[in-house]
2 protein chains.
Amino acid sequence: MNYPNGLKKTHQASITTHKNRGMTLENELNLSNDFYREIDKAYIYKKPTPIQITKVDYPSRDKAVIKEGFFTTPSTTDYNGLYKGYYIDFEAKETKSTTAFALTNIHPHQIKHLKDIDRHKGIAFLIVRFTTLNETYLLTANKFIYFIEKEERKSIPIEFFRNEAFLIKDSYQPRIDYLKIVDELIGGIK
Amino acid sequence: MNYPNGLKKTHQASITTHKNRGMTLENELNLSNDFYREIDKAYIYKKPTPIQITKVDYPSRDKAVIKEGFFTTPSTTDYNGLYKGYYIDFEAKETKSTTAFALTNIHPHQIKHLKDIDRHKGIAFLIVRFTTLNETYLLTANKFIYFIEKEERKSIPIEFFRNEAFLIKDSYQPRIDYLKIVDELIGGIK
């Protein structure tokens, strides 16, 4: 179980399965975005986790220590930035399910946000990793919204990803080369 | 003295001058961005304040309470988003000075970031308010970088803003209609 900012419960047992070893999707995306910046290809960042601060101490004039705060629900997606003059915006999620991605993973605010970005000519998508299957997909906001609006189901079956989304193959540098797929989107759509 | 997230020292005296009453630049920009979203014009958000969390309690399974954290230096600017298919990125600062804007207001990371965005065809700028003069300017990243690279000075004189930046006139709705100037930039540059 992962908590915002990579924090983990200290009393959590270390569990390693055969299928799901290695880094979290978030860590791999952060490294990939670092790499894209290093080679001057794209400037895409993860936004800081939104926190509501309720208590701050000032032990000295220039120092502020947060003494109480809470994680709040984000109103946008986690990642955004710039690539070849295009506005890029996406949310990334992992699921252990081998059959479907539950729609509860994406907040209603975020669904509205993805629609807004898509309508205003940004490039918006989800990156979803089925950790047990070790399959990672890029699903465009357009297809995601299509599914939500046409289907009654509360989760997106893996078949929908296999048929309608782009499989992101593992690579070494960057680990998740999602801009390769964005290149296809730019070529095809715009 | 303002702290991140609008927090103020509780023991701070309330000081009102004749020239500098009313809302902070940050509040006015947040309201302006809310308005742009309401009328479906642009999707520009302030990023959450980056915080390094060093202690978290879990009083129950689903609840996390931050017990210690610190404000950290941002690596990007505070605001970014999408307008008419363009990537928009800016930093906003207030100064009480009537003569110049100190370059120490903008972190080296942020200067690099503005350069990166400008080079990759994003629309990057600073919004600077001289609170005592009640003058608010949009200075393009391009002109800002030009100043830094050509001049030895550690602050940008008000004359440079008056000659090279765009004055943002007060308005009612939105309070800071900076997209009116972005329209000129899009028309002129692209």
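Computed from a predicted model, the values in this text were never measured in an experiment.

## With respect to the overall build of chain A
Turning to step 1, where the next piece is worked out: Counting its regular elements, chain A contains 5 helices and 10 strands.
Turning to step 2, where the next piece is worked out: Taking all 190 residues of chain A together, 31% fall into the buried category.
Turning to step 3, where the next piece is worked out: Sequence-distant contacts in chain A: of pairs separated by 6 or more residues, those separated by 24 or more amount to 63%.

## Remarks on the interface of chain A and chain B
Turning to step 1, where the next piece is worked out: Facing the 32 residues of chain A at the interface are 32 residues of chain B.
Turning to step 2, where the next piece is worked out: Residue composition of the side of chain A that touches chain B, by class: 18 nonpolar, 8 polar and 6 charged.
Turning to step 3, where the next piece is worked out: Inspection of the sheet shows strand 3 (residues 63-71) of chain A paired to strand 3 (residues 63-71) of chain B by 4 bridges, in the antiparallel sense. Its bridge partner lying in strand 3 of chain B, A:Val65 is registered against B:Phe70.

## Concerning the environment of B:Ile176
All names here are of chain B.
Turning to step 1, where the next piece is worked out: Tracing the backbone through its elements, the reader meets Ile176 in the loop between strand 10 (166-167) and helix 5 (179-189).
Turning to step 2, where the next piece is worked out: Given 23 C-beta atoms within 10 Å, Ile176 falls into the buried group.
Turning to step 3, where the next piece is worked out: The sequence separation of Ile176 and Phe160 amounts to 16 residues, and the corresponding C-alpha distance is 21 Å.
Turning to step 4, where the next piece is worked out: Discounting residues that sit within four places of it in the chain, Ile176 has contacts with Glu28, Leu29, Ser32, Thr136 and Ile168.

## Focus on helix 1 (residues 25-38) of chain B
Residue and element names in this part refer to chain B.
Turning to step 1, where the next piece is worked out: With 14 residues, helix 1 extends 20 Å from end C-alpha to end C-alpha; this agrees with the ideal 20 Å at 1.5 Å per step.
Turning to step 2, where the next piece is worked out: Listing the buried residues of helix 1 in full gives Leu29, Ser32 and Asn33. Looking straight down helix 1, one finds that the buried residues subtend no more than 100° of arc, so they occupy a single side. The exposed set on the far side of helix 1, more than 90 degrees from its buried face, consists of Asp34 and Glu38.

## Overview of the packing of helix 2 (residues 108-119) of chain A against helix 3 (residues 141-150) of chain A
Residues and elements named next belong to chain A.
Turning to step 1, where the next piece is worked out: Look at helix 2 against helix 3: their axes get within 10 Å of each other, and the N-to-C directions meet at 130°. Classified by the angle between their axes, helix 2 and helix 3 sit oblique to one another. Handedness of the helix 2/helix 3 crossing: left-handed. Contacts between helix 2 and helix 3 involve Ile111, Leu114, Lys115, Ile117 and Asp118 from the former and Ala141, Asn142, Phe144, Ile145 and Ile148 from the latter.
Turning to step 2, where the next piece is worked out: A breakdown of the residues in the contact of helix 2 with helix 3 according to their chemical character gives 7 nonpolar, 1 polar and 2 charged.

## Re the relation of the copies chain A and chain B
Turning to step 1, where the next piece is worked out: Under the fitted operation, chain A is carried onto chain B by 0.0 Å of movement along the axis and a turn of 180°, and the coordinates agree to an RMSD of 0.0 Å. In short, the pair behaves as if placed about a two-fold rotation axis.
Turning to step 2, where the next piece is worked out: Residue by residue, 100% of the interface of chain A is reproduced at the interface of chain B, so both copies engage with the same surface.

## A few points about the sheet that holds strand 2 (residues 51-60) of chain B
Strands belonging to one sheet form pairs held by backbone hydrogen bonds; the direction of such a pair is parallel or antiparallel.
Turning to step 1, where the next piece is worked out: If you trace the 4 strands from one edge of the open sheet to the other, you get 2(A)-3(A)-3(B)-2(B), paired in antiparallel fashion. Each of the sheet's edge strands pairs with one partner strand only, and the pair in question is strand 2 (51-60) of chain A together with strand 2 of chain B. Strand-to-strand, the axes of this sheet are offset by a mean angle of 20°, without reference to chain direction.

## Here we look at the environment of A:Phe166
Residues and elements named next belong to chain A.
Turning to step 1, where the next piece is worked out: Assignment of secondary structure puts Phe166 in strand 10 (residues 166-167).
Turning to step 2, where the next piece is worked out: Look at Phe166 and you get buried, because 20 C-beta atoms sit within 10 Å.
Turning to step 3, where the next piece is worked out: Along the chain, Phe166 and Ile127 lie 39 residues apart, while their C-alpha atoms are 9.5 Å from each other.

## With respect to the sheet that holds strand 8 (residues 135-140) of chain A
Residue and element names in this part refer to chain A.
Turning to step 1, where the next piece is worked out: The mixed open sheet is built from 6 strands, whose spatial order is 1-4-5-7-8-10. The sheet terminates laterally at strand 1 (43-46) and strand 10, the two strands that pair on one side only.
Turning to step 2, where the next piece is worked out: Inspection of the sheet shows strand 8 paired to strand 10 by 2 bridges, in the antiparallel sense. Across the sheet, residue Tyr137 finds its bridge partner in strand 10, namely Leu167.
Turning to step 3, where the next piece is worked out: In the packing of helix 1 (residues 25-38) onto the sheet, the strands contacted are strand 1, strand 4 (79-83), strand 5 (86-95) and strand 7 (123-130), and the crossing angle to strand 1 comes to about 150°.
Turning to step 4, where the next piece is worked out: Packing against the sheet, helix 3 makes contact with strand 7 and strand 8, and its axis sits at approximately 85° to strand 8.

## Here's the deal with the environment of B:Leu138
Residue and element names in this part refer to chain B.
Turning to step 1, where the next piece is worked out: Position of Leu138 relative to the elements: it lies in strand 8 (residues 135-140).
Turning to step 2, where the next piece is worked out: Its 23 C-beta neighbours within 10 Å are what place Leu138 among the buried residues.
Turning to step 3, where the next piece is worked out: Along the chain, Leu138 and Ile168 lie 30 residues apart, while their C-alpha atoms are 6.8 Å from each other.
Turning to step 4, where the next piece is worked out: If we ignore the near neighbours within four places in the chain, the residues touching Leu138 are Phe125, Ile127, Ala165, Phe166, Ile168, Tyr178 and Ile181.

## Quick notes on helix 2 (residues 108-119) of chain B
Turning to step 1, where the next piece is worked out: Here helix 2 of chain B contains 12 residues, and its C-alpha end-to-end distance of 17 Å stays within 8% of the 16 Å for a straight helix at 1.5 Å per residue.
Turning to step 2, where the next piece is worked out: Considered for burial, the residues of helix 2 of chain B that qualify are B:His113, B:Leu114, B:Asp116 and B:Ile117. Buried residues along helix 2 of chain B cover an arc of 160° about the axis, so they all sit on one side.
Turning to step 3, where the next piece is worked out: Where helix 2 of chain B is buried, its residues contact strand 1 and strand 4 of chain A together with strand 5 (86-95), strand 7 (123-130) and helix 3 (141-150) of chain B.

## A closer look at the confidence of the model for chain A
Turning to step 1, where the next piece is worked out: When pLDDT is averaged across chain A, the result is 89; 87% of the residues are at 70 or more.
Turning to step 2, where the next piece is worked out: When the criterion is pLDDT under 50, residues 1-20 of chain A qualifies, and its contacts beyond four places in sequence or with other chains add up to 17 contacts.

## Considerations on unusual backbone geometry
Turning to step 1, where the next piece is worked out: With an omega of -5°, the peptide bond running from A:Gln173 to A:Pro174 counts as cis.
Turning to step 2, where the next piece is worked out: Structurally, A:Pro174 is set in the loop between strand 10 and helix 5 (179-189).
Turning to step 3, where the next piece is worked out: Of note, B:Asp40 is a non-glycine position whose phi angle comes to about 55°, a positive value.
Turning to step 4, where the next piece is worked out: Within the secondary structure layout, B:Asp40 lies in the loop between helix 1 and strand 1 (43-46).
Turning to step 5, where the next piece is worked out: Residue classification places B:Asp40 among the exposed residues on the basis of 10 C-beta atoms within 10 Å.
Turning to step 6, where the next piece is worked out: Positive phi is not limited to glycine here, since B:Lys121 has a value of about 70°.
Turning to step 7, where the next piece is worked out: Take B:Lys121: it is sitting in the loop between helix 2 and strand 7.
Turning to step 8, where the next piece is worked out: A tally of 16 C-beta atoms within 10 Å means that B:Lys121 is categorised as partly exposed.

Conventions adopted
- Counting restarts for each chain: residues are numbered from 1 in the order of the written sequence.
- Each chain takes a letter, starting from A, and each ligand takes a number, starting from 1, following the order in which they are written.
- pLDDT decides what is reported in this predicted model: residues at 70 or higher carry local features, side-chain atom pairs at 80 or more are listed and counted, and totals for whole chains, interfaces and linings draw on all residues regardless.
- To qualify as a helix, a DSSP run of H or I must reach at least 4 residues; to qualify as a strand, a run of E must reach at least 2; elements of each kind are numbered from the N terminus.
- Partly exposed residues are those whose C-beta has more than 12 but fewer than 20 other C-beta atoms within 10 Å; 20 or more makes a residue buried and 12 or fewer makes it exposed, with C-beta atoms placed from the backbone.
- Whether two residues are in contact depends on their C-beta atoms, placed from the backbone: they are in contact if these lie within 7 Å.
- For this scheme, ten residues count as nonpolar: Ala, Val, Leu, Ile, Met, Phe, Trp, Tyr, Cys and Pro. Four count as charged, namely Asp, Glu, Lys and Arg, and the remainder, Gly too, count as polar.
- Should DSSP find at least two bridges between two strands, the strands are regarded as paired.
- Every helix has an expected span of 1.5 Å times one less than the residues it contains.
- Along the arc lie the directions from the helix axis toward the C-beta atoms.
- Each axis is a line fitted through C-alpha atoms, taken for helices only over the stretch in contact, and angles between the N-to-C directions span 0 to 180 degrees.
- Roughly parallel covers angles under 35 degrees, roughly antiparallel covers those over 145, roughly perpendicular covers 65 to 115, and oblique covers all other angles.
- Note on convention: the crossing is left-handed when the near helix lies turned anticlockwise from the far helix by less than a right angle, right-handed when the turn is clockwise.
- In this comparison the copies share one frame, found by least squares on the C-alpha atoms of residues holding pLDDT of at least 70 in both.
- Per residue, pLDDT measures the predictor's confidence, with a range of 0 to 100.

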